[in-house]
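# Per-entry structural report
So you can see what is in the structure, the chains are spelled out below.
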Amino acid sequence: MTLHYELPTTADFAALAGPHHPAITIYASTSPVVSERERSEVAVKSAFDDAIEQVKASGASAAEVDELRRARDAIVLDQQLWGNLARSMAIFVAPGFSEVFVLPNRLDDAVHVGSHFTLGQLLRAPSQDQEAFAVAISANEWSLWHATPTDRAAQMPVEPTLPKNAEEAANREPGGAGTKRVGGHGDRGTSEEDKRAATLDIYAKRVADAVRQELQLHDPDERVPLFVFATEPTLSGFMERAHNHRRIVAVPGGPDRLGPAEIDEALRMQLATLNINEADAALHGLTEGSAGRVERDLAAIGRLAADGAVETLWFDFTTSVNGTLDHESGAIEFATGNGEGESLQDGTLAGDVLPQLALLVIAKGGKVVTVRSDDLDDNVWSGPAMAELRYALA
């Protein structure tokens, strides 16, 4: 068994692609929380047992079934694996082949048995944002966090001279001299509520400045999004000051009791929402303003992908279209039943062509975005795939 804690690479996908008959694919949602580990173990073992029964029913040899059982036992009994879970697992097992990916993004529970591995969900991990910064800010304290594709959210060190809370921020304002500038003797006509609001505004802006400077050191290209966990009016004060080229997402709510596990869980959920919203916006823009640069026919997309003409491919990972793809010409031959069968008319074993198309697009320098069709506007999405071309078709 090969255990991966890194996002799948092109080499990984190449190893997984092609016939692996009989092939078992298992996707399982998991949790890094120890108390929830048993549920994940039981779910994976149950999925394996169901898959092996399907393999037996399909006429596999006793030797093949025994190999699959040994692979199952090796995975289920691996203490390193179960002691280092993230939010999901992707398991690929066939006779003589066993690969497990521990992934940070949430995947849908699924089991598939066939001649090929089902790779649609695995492509979600490298095709979407899996890294984020977060700032959790309340009147009592603030903290900066970083979650990566391979590591759970961890608190980042910040300059120790920065104010630790709202009171320190107000006391350090020019002219304070150890006394609050806001709410001092010259402010007798100001209500306590106004004083409090002014103090929080000062604090939010100082934290925003500090966060901007810190993130410039770690991510000068402003590629990684920032999520801001705070309540009003601190949230608005931070957002007003923080605007720059970085994607900044406000997450209303009190952050005082959020520990590392809760921050990581919230970040992964927010990243999923951000990925959906950005895909939806991109598809709206594509269909409304790119006449001649949109293709929905799979056969045409295959030929264009082989020519390197596909800029971005969106495909619905919840849908399978079986067939074969010629990587030189891009020609697609669909399986029986309009792509629903397990083989071509001549008996050749067929696999899902959507991930194959995605890998071809990536190999030619294009980008791939996986989507769930139910998350998207029906006015812009009609599955199973859409392609943005590098140039308009005549």
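Here, residues in each chain are numbered from 1, in the same order as that chain's written sequence. Reporting of local features is limited, given that this is a predicted model, to residues whose pLDDT is at least 70; pairs of side-chain atoms are given and counted only at 80 or more, and all residues count toward the totals for whole chains, interfaces and linings. Only hydrogens and water are set aside; all other atoms, that is, all heavy atoms of the structure, feed into the side-chain values.

To continue, consider the layout of surface pockets. Cavities and pockets are found on a 1 Å grid laid over the protein atoms alone: a cavity is a set of points where a 1.4 Å probe fits but cannot escape, a pocket is an open set with protein on both sides within 12 Å along at least five of seven lines, and a lining residue has an atom within 4 Å of such a point. Grid points are joined across faces, edges and corners, and a volume is the space filled by probe spheres set on the points. Computed from the structure, the largest pocket encloses a volume of approximately 280 Å³. Around the largest pocket, the lining comprises 21 residues; the ones closest to its centre are R106, R124, Q128, A272 and I276. In DSSP terms, a helix is any run of H or I states spanning at least four residues, a strand is any run of E spanning at least two, and both are numbered starting from the N terminus. Listing elements by their share of the lining of the largest pocket, those giving two or more residues are α9 (260-289) and β16 (367-371). For the lining of the largest pocket, the element with the most residues is α9, which contributes 7 residues. Here the residues of the lining of the largest pocket are counted per class, giving 9 nonpolar, 5 polar and 7 charged. Gly is placed with the polar residues, together with every amino acid not listed as nonpolar (Ala, Val, Leu, Ile, Met, Phe, Trp, Tyr, Cys and Pro) or charged (Asp, Glu, Lys and Arg).

To continue, consider the sheet that holds strand β10 (residues 248-252). The sheet built from 5 strands is open, its strands ordered β8-β7-β6-β9-β10 with mixed pairing. Each of the sheet's edge strands pairs with one partner strand only, and the pair in question is β8 (154-156) and β10. Averaged over all pairs of adjacent strands, the angle between their axes in this sheet comes to 30°, without regard to strand direction. Where strand β6 (residues 132-137) and strand β9 (residues 226-230) come together, 4 bridges link them in parallel fashion. Note on β9: the bridge partner recorded for F133 is L226. Each pair of strands is called paired provided DSSP finds at least two bridges between the two strands. For every element, the axis is a line fit to its C-alpha atoms; helices are fit only across the contacting stretch, and the angle between N-to-C directions ranges from 0 to 180 degrees.

Right, let's get into the packing of aromatic side chains. One pair of aromatic rings is described through two measures. These are the centre distance and the angle between the planes. For this analysis, a ring pair means two rings from Phe, Tyr or Trp (six-membered ring only for Trp) whose centres lie within 6.5 Å, classed as stacked if their planes differ by under 30 degrees, edge-to-face if by over 60, and tilted for the remaining angles. The full count for this structure, using the stated rule, is 4 aromatic pairs. Ring centres 6.0 Å apart and planes at 85° place the aromatic pair Y27 and F92 in the edge-to-face group. Note that Y27 is positioned in strand β2 (residues 19-29) and F92 in strand β3 (residues 88-94), a separation of 65 residues in sequence.

Any helix carries an expected span of 1.5 Å times its number of residues minus one. With 15 residues, helix α3 (residues 62-76) ought to run about 21 Å at 1.5 Å a step, and its terminal C-alpha atoms sit 21 Å apart, in line with that. For each residue, the accessible area found with a 1.4 Å probe, counting protein chains only, is set against the maximum for its type, and the residue is called buried under 20%, exposed over 50%, and partly exposed in between. For α3, every residue scored as buried is listed here: V65, L68, A71, R72, I75 and V76. Taken down its axis, α3 places every buried residue within 130° of arc, on the same side. Opposite the buried face of α3, by more than 90 degrees, sit the exposed residues A62, A63 and R70. Buried residues belonging to α3 abut β2, α2 (37-57), α4 (79-82), β3 and β4 (97-103). Summarising the geometry, the arc corresponds to the directions from the helix axis toward the C-beta atoms. Note on contacts: a residue pair is in contact if any heavy atoms of the two residues lie within 4.5 Å.

Another aspect to go through is the pattern of salt bridges. A pairing counts as a salt bridge when a side-chain nitrogen of Lys or Arg comes within 4 Å of a carboxyl oxygen of Asp or Glu. Applying the stated criterion across every chain yields a total of 20 salt bridges. R372 is paired through a salt bridge with D108; the nearest N and O atoms lie 2.8 Å apart. Taken together, the residues R372 in the loop between β16 and β17 (385-389) and D108 in the loop between β4 and β5 (110-116) connect sequence positions 264 residues apart. One salt bridge connects E278 with R247, and the closest N-O pair in it is separated by 2.9 Å. Of this pair, E278 sits in helix α9 while R247 sits in the loop between α8 (234-242) and β10, and the two are 31 residues apart along the sequence.

Interhelical geometry of helix α7 (residues 192-218) versus α8 gives an angle of 45° and a closest axis separation of 8 Å. Viewed along their axes, α7 and α8 adopt a mutual orientation that is oblique. For the element pair α7 and α8, the recorded crossing hand is right-handed. Here L200, D201, A204, K205, V207, A208, D209, V211 and R212 of α7 lie close against α8, whose contacting residues are T234, G237, F238, E240, R241 and A242. Partitioning the contact of α7 with α8 into residue classes produces 7 nonpolar, 2 polar and 6 charged. Each angle receives one of four descriptions, namely roughly parallel if under 35 degrees, roughly antiparallel if over 145, roughly perpendicular if within 65 to 115, and oblique otherwise. Handedness of each helix crossing follows the sense of rotation of the near helix against the far helix: counterclockwise by less than a right angle gives left-handed, clockwise gives right-handed.

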